[in-house]
Amino acid sequence: MGVTPSDLESRDVHVKVPARPGYLVVARLALSAICRLTPLEHADVADLKLAVTEAASGFVSDDCAADVTMEFTFRLRDQELQLELAGTPVAAPTDELDLSRAILEATVDDVELDSGRARLVKRLAG
């Protein structure tokens, strides 16, 4: 498990944790810290935390092997906050996937979901 800046001059943060539900709190805490550098309102930050949790639900399992990990990359830009999640997808019923996508679309501005990867974007008021 680790949290590292991509480079010393960057506003990118990379978090790699075991793909178990209990470790999502690490990513949510990193997101909260990054959001302090933005003009986002409290409600927007709460929406982003929900979005990260929801996107991560497709990659976490209590039953995964100890060496299976999930990676979060947060990129703070002048006009947006980009969130990327990568991991090994876990099987989920179609209705759960549809609900998850609906929640993501309601909480962030852009959503891209591919097998093993999710990319979320929240535009910053400027």
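To be clear, the structure that these remarks concern was listed above.
Since the model is a prediction, treat every value here as computed from it, not as a measurement. (Residues numbered from 1 in each chain as written. Predicted model: local features only at pLDDT ≥ 70, side-chain atom pairs only at ≥ 80, totals over all residues. Heavy atoms only, no water.)

(A) Expanded view of the overall build of the protein. Looking only at helices and strands, the protein features three helices and six strands. When the elements of the protein are put in sequence order from the N terminus, they spell out β-β-α-α-β-β-α-β-β. Here the C-alpha radius of gyration of the protein, 14 Å, is about what a compact globule of 126 residues would show, namely 14 Å. C-alpha atoms of the protein, sized along the principal axes, occupy 40 × 30 × 20 Å. Of the contacts formed within the protein by residues at least 6 apart in sequence, a portion of 66% connects residues at least 24 apart. Surface exposure of the protein reaches about 7100 Å², of which carbon and sulfur atoms provide 51%. (Helix = DSSP H or I, 4+ residues; strand = E, 2+ residues; numbered from the N terminus. Rg over C-alpha atoms; globule rule 2.2 N^0.38 Å. Contact = heavy atoms within 4.5 Å. Areas by Shrake-Rupley, 256 points an atom, 1.4 Å probe, with all protein chains shown as cover.)

(B) The arrangement of helix H3 (residues 94-107) in detail. The end-to-end C-alpha distance of H3, which contains 14 residues, comes to 20 Å, matching closely the 20 Å that a straight helix rising 1.5 Å per residue would cover. Within H3 the residues assigned to the buried category are Ser100, Leu104 and Thr107. Angular distribution of buried residues about the axis of H3 spans 75 degrees; they occupy a single face of the element. Turned more than 90 degrees away from the buried face of H3 sit Thr94, Asp95, Asp98, Leu99 and Ala106, all of them exposed. Tucked into the core, H3 has its buried residues touching helix H2 (42-56), strand S5 (110-114) and strand S6 (117-123). (Expected span 1.5 Å × (residues − 1). Buried < 20%, exposed > 50% of the residue type's maximum accessible area, 1.4 Å probe, protein only. Arc of directions from axis to C-beta.)

(C) The arrangement of the packing of H2 against H3 in detail. Where H2 meets H3, the closest approach of the two axes is 9 Å, and the angle between their N-to-C directions is 155 degrees. Comparing the axis directions of H2 and H3 gives the class roughly antiparallel. Of the two elements, H2 crosses H3, and the hand of that crossing is left-handed. The residues of H3 that touch H2, namely those facing Asp47, Leu50, Ala51, Glu54 and Ala55, are Ser100, Ile103, Leu104 and Thr107. (Axes fitted to C-alpha atoms, helices over the stretch in contact; angles between N-to-C directions. Parallel < 35°, antiparallel > 145°, perpendicular 65-115°, else oblique. Left-handed = near helix turned anticlockwise from the far one by under 90°.)

(D) Representation of the pairing of strand S3 (residues 69-76) in the model. Strand direction decides the pairing type here: strand S2 (residues 12-18) and S3, joined by seven bridges, are antiparallel. Along S3, the bridge assignment pairs His14 with Thr73. As defined by bridge partners, S3 adjoins strand S4 (residues 80-86) across six bridges and the pair is classed as antiparallel. What sits directly across from Thr73, in S4, is Glu84. With antiparallel pairing between neighbouring strands as the criterion, S3 and S4 make up a hairpin whose turn holds three residues. (Pairing = 2+ DSSP bridges.)

Any link to function would need more than the numbers given here.
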